[in-house]
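# Report on the structure
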Amino acid sequence: MDPVGVAAAPDAGPGPAWRTKCPWGAPNTTSISCSLADVMSEQLAKELQLEEENAAFPEVVAVAEGPFITGENVDTSSDLMLAQMLQMEFDREYDAQLRREEKKINGDSKVSISFENYRKVHPYDSDSSEDEVDWQDTRHDPYRADKPTTTPRKGFIGKGKDITTKHDEVVCGRKNTARMENFAPEFQVGDGIGMDLKLSNQVFNALKQHAYSEERRSARLHEKKEHSTAEKAVDPKTRLLLYKMVNAGMLETITGCISTGKESVVFHAYGGNTTEDKVIPPECAIKVFKTTLNEFKNRDKYIKDDYRFKDRFSKLNPRKIIRMWAEKEMHNLTRMQNAGIPCPQVVILKKHVLVMSFIGQDQVPAPKLKDVTLSSEDMKKAYYQVLNMMQQLYKECNLVHADLSEYNMLWHDGKVWLIDVSQSVEPTHPHGLEFLFRDCRNVSQFFQKGGVAEALKERELFNAVSGLNITADNEVDFQEEIEALEKMNEDHVQNHGKKLSMFSSDGDPPIYDE
């Protein structure tokens, strides 16, 4: 029998599976034939490395790499150029490795880390833009000479006529130009690239002082913006108070600013829901007292010597005086309202924000008495009404307006309304009668100019309002008697601790009516 046929006989017919495939047999592998030159090829090694990297990190975005710079398009005869080319290639490989590490560490996490600060930015990379490299990032200083000359210890260089000291005008000018870079960033000095700038000491010192002043002014403006109420605007704390009033339903909406002054800003608002204990008018005026003390330096005498707040004045922080100023206006308005004097109705007081009823209609405030044109009859009617209100204010409310003029009186619904009573004081104030005499002068001069023939003079008006009978021939003696009465009253208050007035009066002042 042929041995070949015998060996092939078991495979010819069907049989068990373990006989057809032996587990201990050698695997049938298909080998790829390649030459020794292919194995040693650098290109093949690079391709195999890329296949392994792509298999390990399939989602990594391929790094945009340009063709390797060879000697075909670049002159490689210079060793410096070869070094730059090798460094660029190394930087690209290093950046690609950093990107793969970022992807591996971050994964699908929402919080990721970055190796951006560790990446290489080569100055000779062709992909980088020249605009991204600022001259300040380099070591070249345009203000410094290419070959800087050092001044020796003796303080000068050269000999004879060519001697140059450290006080040389050119040297000092270039140094001053370079020192401008030390100014604050807000102070724009320019770059001066390509210019041989020279600043004298006088100019440099003036610029330095100006930069210092601008820096301090900027700091003050920033502080004022954050901590004080600016014109036609409010600071964050005041804005929060207004938001709370709107959210609480007290106010429906705040429309805008209607008036500005030295001490306050007034806004218009529509009233909200009326509760059982508080009636909110349909239109409201929000008076926001400015939280800066600049305008209150000359106004502390109105509240410092007021016996209602005298004990509290010295115990408070100066900034809290403004809250007391708002509280003072609220109490004065309440007195006037109880006496029936036309004035805004107080709704609520929150710190330095006072909400009152709006004198006007449909967001249009009532005009001031100085801005309205009245007929002779209306002007006469307004005069007698103001005279009656001054007497009521003095007798029934026990107050002196202290700033009464045509600027603080409104004309609405055919009558005069008094506003701005935050500075109003009692007649027992050390300067109460002086304030009253000033109010009488303002009112008398306004209505006399307005053509009211019945308008009393200032001294007669003072006696009519206060009920005092001061008989003086001239204004100087009249004011001296007023000061004597104030002194007498102040001594009485200090000795007895009472607010009783010691003014001699002939009785109640006569009520003037038309």
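Residues numbered from 1 in each chain as written. Predicted model: local features only at pLDDT ≥ 70, side-chain atom pairs only at ≥ 80, totals over all residues. Heavy atoms only, no water.

The next subject is the overall build of the chain. Scanning the chain from terminus to terminus reveals 15 helices and eleven strands. Within the chain, buried positions represent 35% of all 514 residues. Considering only contacts in the chain between residues 6 or more positions apart, those separated by 24 or more positions represent 60%. Taken as a whole, the chain presents about 34000 Å² of accessible surface, with 50% of it coming from carbon and sulfur. (Helix = DSSP H or I, 4+ residues; strand = E, 2+ residues; numbered from the N terminus. Buried < 20%, exposed > 50% of the residue type's maximum accessible area, 1.4 Å probe, protein only. Contact = heavy atoms within 4.5 Å. Areas by Shrake-Rupley, 256 points an atom, 1.4 Å probe, with all protein chains shown as cover.)

Together, E434, D473, D477, E480, E481 and E483 make up a negatively charged patch on the protein surface. Here the negative patch gets four residues from one element, more than from any other, and that element is helix α15 (residues 475-496). Positionally, E483 belongs in helix α15. (Patch = residues over 30% accessible without salt bridge, like charges linked within 9 Å, V, L, I, M, F, W, Y side chains within 5 Å. Salt bridge = Lys/Arg side-chain N within 4 Å of Asp/Glu carboxyl O. Lys, Arg positive; Asp, Glu negative; His and termini not counted. Charge placed at Lys NZ, Arg CZ, Asp CG, Glu CD.)

Of note, V416 is situated in strand β11 (residues 415-418). Taking relative accessible area as the criterion, V416 reaches 0% and is therefore assigned buried. Sequence spacing of V416 and M389 is 27 residues, and the spatial spacing of their C-alpha atoms is 9.3 Å. Those residues in contact with V416 that sit more than four places away from it in its chain are P342, A382, Q385, V386, M389, M409, L410 and W411.

On to the packing of helix α12 (residues 376-395) against helix α13 (residues 432-449), then. A packed helix pair is summarised by two numbers, namely the angle formed by the two axes and the spacing between the axes. Following both chains from N to C, one finds α12 and α13 inclined at 175 degrees, their axes separated by 11 Å at the closest point. The orientation of α12 with respect to α13, classified from their angle, is roughly antiparallel. Of the residues in α13, those in contact with M379, A382, Y383, V386, M390 and Y394 of α12 are L433, L436, D439, C440, V443, F446 and F447. For the contact of α12 with α13, the residue count by class is twelve nonpolar, no polar and one charged. (Axes fitted to C-alpha atoms, helices over the stretch in contact; angles between N-to-C directions. Parallel < 35°, antiparallel > 145°, perpendicular 65-115°, else oblique. Nonpolar A, V, L, I, M, F, W, Y, C, P; charged D, E, K, R; others polar.)

This paragraph deals with helix α5 (residues 79-106). Along its 28 residues, α5 runs 41 Å from first to last C-alpha, staying within 8% of the 40 Å computed at 1.5 Å per residue. Every buried residue of α5 is accounted for by Q84, M85, M88, E89, D91, R92, D95, A96, L98, R100, E102 and N106. Two residues or fewer after α5 comes G107, characterised by a positive phi angle close to 60 degrees. (Expected span 1.5 Å × (residues − 1).)

Turning our attention to a positive patch on the surface. A contiguous patch of positive charge, built from K237, K244, K320, R323, K350 and K351, is present on the exposed surface. Looking at the secondary structure, you find K320 in the loop between α10 (310-313) and α11 (321-338). Owing to a relative accessible area of 42%, K320 belongs among the partly exposed residues under this scheme.

With that out of the way, let us pick up the sheet that holds strand β3 (residues 251-260). Reading across from one edge, β3-β4-β5-β7-β6 is the order of the five strands in this open sheet, with antiparallel pairing throughout. A single partner strand is all that each edge strand has here, and the edge strands are β3 and β6 (346-350). For this sheet, the mean inter-axis angle between neighbouring strands, taken without regard to orientation, is 25 degrees. Seen against the sheet, α11 touches β5 (283-289), β6 and β7 (353-357) and runs at an angle of roughly 165 degrees to β6. (Pairing = 2+ DSSP bridges.)

Right, let's talk about the packing of aromatic side chains for a bit. Going through the model one piece at a time under the given rule, you end up with seven aromatic pairs. Here F446 and F447 contribute two aromatic rings whose centre-to-centre distance is 5.1 Å and whose plane-to-plane angle is 75 degrees, an arrangement assigned as edge-to-face. Geometrically, the ring pair formed by F462 and F478 is edge-to-face, given 5.5 Å between the ring centres and 80 degrees between the ring planes. Pair noted here: F462 is in helix α14 (residues 458-466) and F478 is in helix α15, with a separation of 16 residues, a long-range link. A relative accessible area of 0% means that F462 is categorised as buried. (Phe/Tyr/Trp six-rings, centres within 6.5 Å; stacked < 30°, edge-to-face > 60°.)

Turning our attention to the nonpolar core. Judged by nonpolar contacts, the single largest core of 57 residues is most densely connected at Y383, F447 and F462. Breaking this core down by element, the ones donating at least two residues are α11, β7, α12, β10 (409-412), β11, α13, α14 and α15. Examining the composition of this core, we find that ten residues originate from one element, α12, more than from any other. Structurally, this core is a two-domain feature, drawing no fewer than three residues from each of domain 2 (233-365) and domain 3 (367-499). Ignoring anything within four residues of it in the chain, the contact list for F447 reads L369, M379, A382, Y383, V386, V452 and A455. (Core = buried A, V, L, I, M, F, W, Y, C linked by side-chain atoms within 4.5 Å. Domains from an automatic or database assignment.)

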